[in-house]
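# Residue-level structure breakdown
So the chains spell out like this:
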Amino acid sequence: MKKIRKAVIPVAGLGTRFLPATKAIPKEMLTIVDRPTIQYIVEEVVNSGIEEVILITSAGKSAIENHFDYNYELDTMLKEKNKHALREELEQTSSLIDVVSVRQKEPLGLGHAIWMARKVVGDEPFLVLLGDDLVRSQTPCCQQMIDLYEKVNESVVAIQRVPMEQTNQYGIVEGEKTNIDRTVKVKQMVEKPAPGTSQSDMAIIGRYLLMPEVFDALGKTSPGHGGEIQLTDALQALADQRGMYAYEFEGKRYDAGDKLGYLKAIIDIALDHPTLGEPLRDHLASICDHKTCLKS
């Protein structure tokens, strides 16, 4: 069994759900409390023992690469002003993990973005994390998936239960229970099923642990809606070829690519912040009573 050493993070999207904020700033660089969204994603893989991150980028995304790079001028200025705590924090950020960038030259979908990583990943299993999905959990979501992989030696997708009326917003897994807690053997995956066409409430979120055969499947996948290579089609081919498991992770997931989900993430993370949590709690108490928020 090969160790999971690499994680692919596609960051080539335009962030249209957050326009105009993302006209000049990558959506992954939007700040949640005191660090950009992408840093939370990278910290999750680091805390899961991953050794290398592969960013799938596009034009205008250099700010993400710069964030994880060393900035000599900034470091010198902080040193001269005796800003030791800030300097140490930035040093930790730039030394988090080895980062490799691969350019996706055409916007041909998530499946194509992952396929672009094939030469860097090579012949080994790897993780995929979507920058829109934040997961807060005691054990990192990626680590939970790696733990399951070490039992089943097959691909794993992370899932959460969603209301049936929302299943048409997700890729949905249909499968059968296993003797492993919170784990389902995948039989079929349906991308955004029409209401009433699937009885499953198991929605795929932005965490995948994939065997390298997925690259062959992606290479053979025909473009679908909008001329894009759909990841779900390749995942189904991989599941048919050698099996796949869906894992209902433990933790709370935020859709940080959605404005409301982004705000929820900010509030929840800020409430747990060592210096901001208490004053924020006091502020919320000042505008809300125990039952309803006051209208301005």
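In this report, the structure presented in the accompanying data block is examined. (Residues numbered from 1 in each chain as written. Predicted model: local features only at pLDDT ≥ 70, side-chain atom pairs only at ≥ 80, totals over all residues. Heavy atoms only, no water.)

### Here's the deal with the overall build of the chain
Summing up its helical and strand segments, the chain has eleven helices and 13 strands in all. The C-alpha radius of gyration computed for the chain amounts to 20 Å, which stays within 12% of the reference 19 Å derived for 296 residues, consistent with globular compactness. Expressed as lengths along the three principal axes of its C-alpha atoms, the size of the chain is roughly 60 × 50 × 40 Å. Counting all 296 residues of the chain, 46% fall into the buried class. Summarising the internal contacts of the chain: among those between residues at least 6 apart in sequence, 77% fall at separations of at least 24. As displayed, the chain offers around 15,900 Å² of accessible surface, 50% of which is attributable to carbon and sulfur atoms. Mean positive and mean negative side-chain charge positions of the chain (35 and 43 charges, respectively) differ by 2 Å. (Helix = DSSP H or I, 4+ residues; strand = E, 2+ residues; numbered from the N terminus. Rg over C-alpha atoms; globule rule 2.2 N^0.38 Å. Buried < 20%, exposed > 50% of the residue type's maximum accessible area, 1.4 Å probe, protein only. Contact = heavy atoms within 4.5 Å. Areas by Shrake-Rupley, 256 points an atom, 1.4 Å probe, with all protein chains shown as cover. Lys, Arg positive; Asp, Glu negative; His and termini not counted. Charge placed at Lys NZ, Arg CZ, Asp CG, Glu CD.)

### Structural notes on the packing of helix H10 (residues 259-271) against helix H11 (residues 277-287)
Contact pair H10 / H11: the axes reach a minimum separation of 7 Å and the direction vectors enclose 120°. Taken as axis vectors, H10 and H11 run oblique relative to one another. Residue-level inspection shows Ile 267, Ala 270 and Leu 271 of H10 in contact with H11, the latter providing Gly 277, Leu 280, Arg 281 and Leu 284. Each residue belonging to the contact of H10 with H11 can be placed in one class, and the counts come to five nonpolar, one polar and one charged. (Axes fitted to C-alpha atoms, helices over the stretch in contact; angles between N-to-C directions. Parallel < 35°, antiparallel > 145°, perpendicular 65-115°, else oblique. Nonpolar A, V, L, I, M, F, W, Y, C, P; charged D, E, K, R; others polar.)

### Quick look at the pairing of strand E6 (residues 126-129)
Neither face of E6 is left uncovered, since the one carrying Phe 126 and Val 128 and the one carrying Leu 127 and Leu 129 both have all their residues buried. Pairing of strand E1 (residues 6-10) with E6 involves two bridges; the strand directions are parallel. Note on E6: the bridge partner recorded for Val 8 is Val 128. Sheet topology note: the E6/strand E11 (residues 202-210) ladder contains four bridges and is antiparallel. Paired with Phe 126 across the strands is Leu 210, a residue of E11. (Pairing = 2+ DSSP bridges.)

### Side note on the pattern of salt bridges
Taken as a whole and judged by the stated rule, the model has 22 salt bridges. The residue Glu 124 makes a salt bridge to Arg 5 at a minimum N-O spacing of 2.9 Å. With Glu 124 in the loop between helix H6 (118-121) and E6 and Arg 5 in the segment before E1, this pair connects stretches of sequence that are 119 residues apart. We classify Glu 124 as buried; its relative accessible area is 12%. Ionic pairing is found between Asp 75 and Arg 87, a salt bridge with its closest N-O pair at 2.7 Å. (Salt bridge = Lys/Arg side-chain N within 4 Å of Asp/Glu carboxyl O.)

### Regarding the pairing of strand E4 (residues 52-57)
With respect to burial, E4 is a largely interior element, six of its six residues being buried. Side chains Glu 52, Ile 54 and Ile 56 of E4 all project onto a buried face; the interleaved residues Val 53, Leu 55 and Thr 57 project onto the opposite face, where all are buried too. Of the strand pairs in this sheet, E1 and E4 are connected by five bridges, and their pairing is parallel. Looking at the pairing, Val 8 lines up with Ile 54 of E4.

### Observations regarding helix H1 (residues 37-46)
Counting buried residues in H1 gives nine out of ten residues, a clear majority hidden from the surface. Looking only at H1, the buried set comprises Thr 37, Ile 38, Gln 39, Tyr 40, Ile 41, Val 42, Glu 43, Glu 44 and Val 45.

### Considering helix H9 (residues 231-242)
Over its twelve residues, H9 extends 17 Å from the first C-alpha to the last, a length consistent with the 16 Å expected when each residue adds 1.5 Å. Turning to H9, the residues buried within the fold contact helix H5 (110-115), strand E8 (155-161), strand E10 (183-191), E11, helix H8 (214-220) and strand E12 (244-248). Following H9 by one or two positions, Gly 243 adopts a phi angle in the positive range, close to 100°. (Expected span 1.5 Å × (residues − 1).)

### Describing the nonpolar core
If you look at the biggest cluster of nonpolar residues, it comprises 43 residues, and the most contacted ones within it are Ile 9, Ile 38 and Leu 127. Among all residues touching Ile 9, those that are not within four sequence positions of it are Ile 38, Ile 41, Val 42, Val 53, Ile 54, Leu 55, Ile 56 and Leu 129. (Core = buried A, V, L, I, M, F, W, Y, C linked by side-chain atoms within 4.5 Å.)

### A short note on unusual backbone geometry
In the segment running from Leu 19 into Pro 20, the intervening peptide bond is cis, with an omega of 5°. Mapped onto the elements, Pro 20 comes out in the loop between E1 and strand E2 (31-32). The phi angle at Arg 182 is positive, at roughly 65°, despite the residue not being glycine.

### Quick notes on the packing of helix H3 (residues 72-80) against helix H4 (residues 84-94)
Where H3 meets H4, the axes come as close as 8 Å, and the angle between the chain directions of the two elements is 155°. It follows that H3 is roughly antiparallel to H4 by the angle criterion. Where H3 crosses over H4, the handedness of that crossing is left-handed. Facing Leu 74, Asp 75, Leu 78 and Lys 79 of H3, the residues of H4 in contact are Leu 86, Arg 87 and Leu 90. Partitioned by chemical class, the residues of the contact of H3 with H4 number four nonpolar, no polar and three charged. (Left-handed = near helix turned anticlockwise from the far one by under 90°.)

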